[in-house]
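The residues making up each chain are set out below.
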Amino acid sequence: MLLTPHILTGVAIISKVQNPILGLFLVFLSHYFLDCFPQKEYSIKNIREKRWSKSLPDFLKVALDIIFGLLIVFLIVGYHPIALIAAFLVITPDGTTLLYHLFPKNRLLEKHWKIHNALNDICQNKKIPVFWGVMSQIAVIIIAIFFLR
Ligand SMILES: [Zn+2]
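Cut-offs and rules
- Residues numbered from 1 in each chain as written.
- Predicted model: local features only at pLDDT ≥ 70, side-chain atom pairs only at ≥ 80, totals over all residues.
- Heavy atoms only, no water.
- Donors = N, O, S within 2.8 Å, 3.2 Å for Na, K, Ca; no water.
- Tetrahedral: all angles 85-135°; square planar, octahedral: opposite > 155°, others 65-115°.
- Buried < 20%, exposed > 50% of the residue type's maximum accessible area, 1.4 Å probe, protein only.
- Phe/Tyr/Trp six-rings, centres within 6.5 Å; stacked < 30°, edge-to-face > 60°.
- Helix = DSSP H or I, 4+ residues; strand = E, 2+ residues; numbered from the N terminus.

J.: What am I meant to see in the coordination of the zinc ion here?
T.: Those protein atoms acting as donors to the zinc ion are His-31 (NE2), Asp-35 (OD), Asp-94 (OD) and His-116 (NE2), and they sit at 2.1 to 2.2 Å. In this structure, the zinc ion is surrounded by 4 donor atoms whose angles at the metal cover 83 to 172°, and the resulting shape is irregular. Taken in sequence order, the residues that donate to the zinc ion follow the motif H-x3-D-x58-D-x21-H. Here His-31 falls in the buried class, since its relative accessible area comes to 0%.

Right, here's the structure in full:
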């Protein structure tokens, strides 16, 4: 799933759960839950294949995805440190995957990557039309914004 729906969902969860420890735990788990939905993502093939000279557009896509998610959060709920922590925490699994591509010999990163990938593969239907892969993410964004307000 794109990072914007993850960020919005994470902040929506932390804004509704009274206990911040429990809230952050649920925020973290929400990443894996949302990855189970059919989805289409932009390519970060150059990063995955370590073609660093061509990877700037991939990093820009990731950065814009994060900035867009944070911008929506700040426009709706304003600045709250716990919201920023939740936004960071909820995208940590994908960040960890990026770290794995940078440090493929790290066994802990490799174990996480395998679990994260397995979850994505189990729940992903690769033949899903692009329309539904995009619509699932738009639906998550709309639902998250509803709970943010
Ligand atoms: Zn993920």
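J.: Hey, could you run me through the packing of aromatic side chains in this one?
T.: Inspection of every chain in the model, using the stated rule, returns 7 aromatic pairs. Ring centres of Phe-28 and Tyr-32 lie 5.5 Å apart, and the angle between their planes is 75°; this geometry places the pair in the edge-to-face category. Of this pair, Phe-28 and Tyr-32 both sit in helix 2 (residues 20–34), separated by 4 residues, roughly a single helical turn. On the basis of relative accessible area, Phe-28 is assigned to the partly exposed category, the value being 26%. In this structure Tyr-32 comes out as buried when scored by relative accessible area, which is 13%.

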